[in-house]
Amino acid sequence: MSLPTTEELIPVLDGEAKERTERDDGLKLEPVRSAVLVVEDDPAHREILVEMLADWGYEPMPVGSAEEAEFAVRNKRMDAAIVDVFLPGRSGATLMSRLRERFPQAVLIGVSAMSDSAMARKCKGLGADLFIGKPLNPERLSEALQSKHTSWH
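As the structure is a prediction and not an experimental result, all values here were calculated from the model.

Rules behind the numbers
- Residues numbered from 1 in each chain as written.
- Predicted model: local features only at pLDDT ≥ 70, side-chain atom pairs only at ≥ 80, totals over all residues.
- Heavy atoms only, no water.
- Helix = DSSP H or I, 4+ residues; strand = E, 2+ residues; numbered from the N terminus.
- Buried < 20%, exposed > 50% of the residue type's maximum accessible area, 1.4 Å probe, protein only.
- Contact = heavy atoms within 4.5 Å.
- Areas by Shrake-Rupley, 256 points an atom, 1.4 Å probe, with all protein chains shown as cover.
- Pairing = 2+ DSSP bridges.
- Right-handed = clockwise from strand over helix to strand, strands pointing away.
- UniProt positions renumbered as here; feature names shortened; annotations may be inferred.

**Details of the overall build of the protein chain**
Then comes step 1: Along its length, the protein chain carries 5 helices and 7 strands.
Then comes step 2: Reading the helices (α) and strands (β) of the protein chain from amino to carboxyl end gives β-β-β-α-β-α-β-α-β-α-β-α.
Then comes step 3: Residues counted as buried form 37% of the 153 residues belonging to the protein chain.
Then comes step 4: A separation threshold of at least 6 residues defines the contact pool for the protein chain, and within that pool the share at least 24 residues apart is 54%.
Then comes step 5: Entry remark: accessible area of the protein chain is about 9600 Å², with carbon and sulfur atoms responsible for 52%.

See below:
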């Protein structure tokens, strides 16, 4: 099987033209999509986040618990995580500390319906870059995912 070729004349300094053949293999380069771990125990909230992230061009990795999250990133890269602070079983707070250790460059965002300054300080103390109260503001979430906060760790 031969690949399609295109031929064109290329001028050379001495005035003569040389023939160059280019191969067109039909392959396209696709940009690497940022992987975002979504740790949310409420299936409806998780689905909304997944749809929003996919629409924005991210590769969402949705899970419902801290244990599932650790399994999901065992052999995968993660560029960001949105973690519900209160999860069944192991807490989202504990998960954020572990994710910060394993992915120091990732953007970690803690979320909770209990959105007060004490909760924001707690999340930041555990390694989160940002804290966003529920219901999530899509614009604020988008800005948070595009940021690279490094001042707290």
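**With respect to the pairing of strand β4 (residues 59-63)**
Within a regular beta strand, the side chains point alternately toward one face of the sheet and then the other, so they alternate between its two faces.
Then comes step 1: Summarising the sheet, strand β3 (residues 35-39) and β4 pair through 5 bridges and their orientation is parallel. Along β4, the bridge assignment pairs A35 with E59.
Then comes step 2: Crossover connection from β3 via helix α1 (residues 43-55) to parallel β4: handedness right-handed.

**A short note on unusual backbone geometry**
Then comes step 1: The amide bond that connects K134 to the next residue, P135, takes the cis arrangement and shows omega of 0°.
Then comes step 2: Tracing the chain through its elements places P135 in the loop between β7 (130-133) and α5 (138-146).

**Brief notes about the UniProt feature "modified residue: 4-aspartylphosphate" (unreviewed entry) in the protein chain**
Then comes step 1: According to UniProt, the feature "modified residue: 4-aspartylphosphate" (unreviewed entry) maps to D84 in the numbering used here.
Then comes step 2: Structurally, the position occupied by D84 is in strand β5 (residues 80-84).
Then comes step 3: With relative accessibility at 5%, the residue D84 sits in the buried group.
Then comes step 4: Here D84 is in contact with V39, E40, D41, G92, V111, S112 and K134, once residues within four sequence places are set aside.

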